[in-house]
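Topology and contacts: notes
So you can see what is in the structure, the chains are spelled out below.
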Amino acid sequence: MAQPGSAGLLAGQSGDTQGKTAPTRRGTELSMLAFAAGLVTAALMLVEANHNESLTIRILWYGLAYLALFGIAHVAVRKWAPYADPLILPCVALLNGLGLVMIYRIDLAKAEAALQTESEWENAVPKQILWTTIALLMFLAVLYVIKDHRTLTRYGYTFGLAGLFLLALPAVLPSAIAPTINGAKIWLRVGIFSIQPGEFAKIMLLIFFAAFLVSKRDLFIAAGRRVLGVDLPRARDLGPILFCWGVSVMVLVAEKDLGTSLLFFGTVLVMLYVATERAIWVGVGLSLFAIGCLVAYQLFGHVQVRVETWLDPFADPDGAGYQLVQALFGLGTGGIGGTGLGAGRPDIVPFANSDFITAAIGEELGFIGLAAVLLVYMLLAMRGLRSAVAVRDTFGKLLGGGLSFALIMQVFVVVGGVTKLIPLTGITAPFLSAGGSSLLANYVLVALLLRISDAARRPQTGQKPKPVNQAPIAEAHTVMVERPQ
């Protein structure tokens, strides 16, 4: 982090962005959204042409509806956050659109297979479109309600308690409401509706830890004893990291969910590192997480199965390793250029439209297409991190950095599991995969990033900013780690 008084320098570094007028940003964002709509429409046309060998007028209407939906979001963003980064929303729109294309393509394959076997199947596209609409409405609501991201500091501990409550809720409820699915108990189901509360808990906990690290920054600016050239943390400063470790282990033990634990704990470690610039915190945290994983491996059979499947999925290709083996074969079939949209067999992979949607993209778009999708994710995360660097308050820096890293960490865990880099975790790809909880939570995440980006790129008026609702930690500057004399 920067030294005291350098927040103005960081803000000054974004002068090139502040020099842009609002109409320029509006035109850039709208043109990129139109480009994304064109790509999505062309992708739908390729799916129709390759699978059905014909084109229908409904493809054009799908493309226009898609453009209209995100056009409304564009108008709202330019009205309520006029200085926000103009590339964040188009990146999200492109990822969301490509996800809808792949879900539609897999639905066509499932419908064809159902006709041949005379079995039932569920069309996932209408539900995903509905969730996208609801997610955009929530996105607009967050932008409208939260005028300044610093106001969130007043509710830091409230968000923390609410996040812990949502995270632990599936573990304490009976199986009739919180069923165990694929070895993990992370869902709540009431009637035909189901939701994953952990998706929303991660954002609430990130807000809490950003506020906590700013308000308690004095606990972390002094190093402890030096041992073998390494400044160890003071014993009394280990409380927050031990708390995070305990929560992660609780999730593992109670809900058997390695993915959420890894995402939550990893993001908090990065925020702690950003706040202190002390790598020792990362080392201690990773050591504690490794201990928790070893304990989980000894206690839970499904964790052992996932690790063994990761080490050698071909040992049981028709059983536990079937999903991963089919995904690897799909990626291998796609090769460099892919089989073409609508010309592959991604439906063979179980959960192809959710957990393994990146494998479906790799099969039909090839390495080039999958790499392009990952580059869009990287661009989205980099724009978020750039806004976090440029914003003038420490809370915004920590929250923006945590949200951006949470996004990219989720992508790493998903793609790493599909490509056999790490064990499978059951986390879905943001904006791509079918599912309402992930879509809603990630659109809230993007709304907060846009709010931080708007604050970072807004020109300074020369007047001292007013305190936000008497929240002094919202005005705190960054500090350097200092060794005591």
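Residues numbered from 1 in each chain as written. Predicted model: local features only at pLDDT ≥ 70, side-chain atom pairs only at ≥ 80, totals over all residues. Heavy atoms only, no water.

**Considerations on the overall build of the protein chain**
Rules: Strands are runs of DSSP state E lasting at least 2 residues, helices are runs of H or I lasting at least 4, and numbering of each runs from the N terminus. Whether two residues touch is decided by their heavy atoms; if any such pair falls within 4.5 Å, the residues are in contact. Surface accessibility follows the Shrake-Rupley procedure with a 1.4 Å probe radius. Residue values consider only the protein chains on display as shielding.
Scanning the protein chain from N- to C-terminus turns up 16 helices and four strands. For the protein chain, contacts bridging at least 24 residues in sequence account for 74% of all contacts bridging at least 6. Carbon and sulfur atoms form 67% of the exposed surface of the protein chain, whose accessible area is close to 21,700 Å².

**Let's talk about unusual backbone geometry**
The phi dihedral of lysine 420 falls on the positive side, at around 70 degrees, and the residue is not glycine. Relative to the helices and strands, lysine 420 is located in the loop between helix H15 (394-418) and helix H16 (436-457). Within the chain, phenylalanine 431 stands out as a residue other than glycine whose phi angle is a positive 70 degrees. With respect to the helices, strands and loops of the structure, phenylalanine 431 is situated in the loop between H15 and H16.

**Concerning the packing of aromatic side chains**
Filter applied, for reference: Pairing of aromatic rings covers Phe, Tyr and Trp, the last through its six-membered ring, and needs centres within 6.5 Å; plane angles under 30 degrees mean stacked, over 60 mean edge-to-face, and all others mean tilted. Exposure classes here rest on a 1.4 Å probe applied to the protein chains alone. A residue is buried below 20% of its type maximum, exposed above 50%, and partly exposed in between.
Considering all chains together, one arrives at eight aromatic pairs under this definition. An angle of 75 degrees between the planes, with centres 6.1 Å apart, marks the rings of phenylalanine 139 and tyrosine 443 as edge-to-face. Here phenylalanine 139, found in helix H6 (residues 125-145), pairs with tyrosine 443, found in helix H16; they are 304 residues apart in sequence, far enough to count as distant. Here phenylalanine 139 and tyrosine 443 have matching classes, each one buried.

**Some words on the side chain of arginine 78**
Applicable threshold: Pairing of N or O atoms within 3.5 Å defines a polar contact, subject to two protein rules: one partner must be a possible hydrogen donor and the other a possible acceptor, and residues neighboring in sequence count only if both atoms are side-chain atoms.
By the element assignment, arginine 78 lies in helix H4 (residues 58-80). Only 2.7 Å separates the side chain of arginine 78 from the backbone oxygen of proline 82, close enough to count as a polar contact. Those residues within four positions of arginine 78 in sequence are excluded, and the remaining contacts are Arg25, Arg26, Glu29, Tyr83, Ala84, Asp85 and Pro86.

**Section: the packing of helix H5 (residues 88-117) against H16**
Threshold: Lines fitted to C-alpha atoms define the axes, with helix axes restricted to the stretch in contact, and inter-axis angles between N-to-C directions lie between 0 and 180 degrees. Oblique is the label for any angle not under 35 degrees, not over 145, and not in the 65 to 115 range, which are roughly parallel, roughly antiparallel and roughly perpendicular in turn. Each crossing is labelled by how the near helix is turned from the far one, with a counterclockwise turn of less than a right angle marking it left-handed and a clockwise turn marking it right-handed. Charged residues are taken to be Asp, Glu, Lys and Arg, nonpolar residues to be Ala, Val, Leu, Ile, Met, Phe, Trp, Tyr, Cys and Pro, and polar residues to be all remaining types, Gly included.
Axis separation between H5 and H16 bottoms out at 10 Å; the angle between their running directions is 165 degrees. Judged by the inter-axis angle, H5 sits roughly antiparallel to H16. Crossing of H5 against H16: the hand is right-handed. Contacts from Ile88, Val92 and Asn96 of H5 reach H16 at Leu439, Tyr443, Val446 and Leu450. The class makeup of the residues in the contact of H5 with H16 is six nonpolar, one polar and no charged.

**As for the environment of leucine 94**
You can see leucine 94 is positioned in helix H5. Remark: the alpha-carbon pair of leucine 94 and leucine 432, spanning 338 residues in sequence, is separated by 9.4 Å. Leucine 94 has contacts with Ala36, Leu39, Tyr66 and Val376, leaving out every residue within four places of it along the chain.

**A word on helix H7 (residues 156-172)**
Put simply, the rule is: Here the expected length of a helix is defined as 1.5 Å per residue gap, with one fewer gap than residues. Two axes enter the definition of the bend at a residue: one is fitted to the seven residues ending there, the other to the seven starting there, and the bend is the angle between them.
Here H7 is 17 residues long and its end C-alpha atoms lie 24 Å apart, about the 24 Å a rise of 1.5 Å per residue gives. The largest bend along H7 measures about 25 degrees and falls at leucine 166, with the proline proline 170 one to four residues further on. Every buried residue of H7 is listed here: Gly156, Gly160, Gly163, Leu166, Leu167, Leu169 and Pro170.

**Regarding the pattern of salt bridges**
Note the following rule: For this analysis, a salt bridge means a side-chain nitrogen from Lys or Arg found within 4 Å of a carboxyl oxygen belonging to Asp or Glu.
This model, assessed by the stated rule, comprises nine salt bridges. A network of salt bridges, in which partner residues are shared, links Asp85, Arg383 and Arg457.

**Regarding the confidence of the model for the protein chain**
We apply this condition: Confidence scores here are pLDDT values: one per residue, from the predictor, ranging 0 to 100.
Mean pLDDT for the protein chain: 80, with 81% of residues reaching 70 or above. Of all secondary-structure elements in the protein chain, the lowest mean pLDDT belongs to helix H1 (residues 7-12), at 33, while helix H14 (residues 357-390) reaches the highest, 94. Below a pLDDT of 50 lies the segment residues 1-19, which in the model reaches 38 contacts outside its immediate sequence neighbourhood of four places, other chains included. A low-confidence stretch, residues 467-485 (pLDDT under 50), is modelled with 56 contacts involving residues beyond four sequence positions or located in other chains.

**As for the nonpolar core**
How we decide: As used here, the term nonpolar core means buried Ala, Val, Leu, Ile, Met, Phe, Trp, Tyr and Cys residues forming a set that is joined through side-chain atoms within 4.5 Å.
In this structure, Phe139, Phe431 and Tyr443 are the most contacted members of the largest nonpolar core, which totals 109 residues. The residues touching tyrosine 443, leaving out its near neighbours within four places in the chain, are Phe70, Val92, Asn96, Ala135, Leu136, Phe139 and Phe431.

**Let's talk about the side chain of aspartate 85**
With respect to the helices, strands and loops of the structure, aspartate 85 is situated in the loop between H4 and H5. Residue aspartate 85 is classed as buried on the basis of its relative accessible area of 1%. A polar contact of 2.9 Å, which involves the side chain of aspartate 85, links it to the backbone nitrogen of leucine 87. At 2.6 Å, the side chain of aspartate 85 forms a polar contact with the side chain of arginine 383. If sequence neighbours within four positions are ignored, aspartate 85 has contacts with Glu29, Arg78, Arg383, Leu450, Ser453 and Arg457.

**A few points about the environment of proline 179**
Assignment of secondary structure puts proline 179 in the loop between H7 and strand E1 (188-190). Along the chain, proline 179 and arginine 189 lie 10 residues apart, while their C-alpha atoms are 7.5 Å from each other.

**Some words on the environment of isoleucine 203**
Tracing the sequence through the fold places isoleucine 203 in helix H8 (residues 197-215). Separated by 196 residues in the primary sequence, isoleucine 203 and leucine 399 place their C-alpha atoms 9.5 Å from one another. In contact with isoleucine 203, other than residues within four places in its own chain, are Ala441, Val444, Leu445 and Leu448.

**Description of a nonpolar patch on the surface**
To keep things clear, this is the line we draw: Like charges are joined within 9 Å and nonpolar side chains (Val, Leu, Ile, Met, Phe, Trp, Tyr) within 5 Å, but only among residues with over 30% relative accessible area and no salt bridge; these make up the patches.
A contiguous nonpolar patch, built from Ile57, Leu60, Trp61 and Leu64 and spanning about 450 Å² of accessible area, is present on the exposed surface. Structurally, leucine 60 is set in helix H4. Owing to a relative accessible area of 46%, leucine 60 belongs among the partly exposed residues under this scheme.

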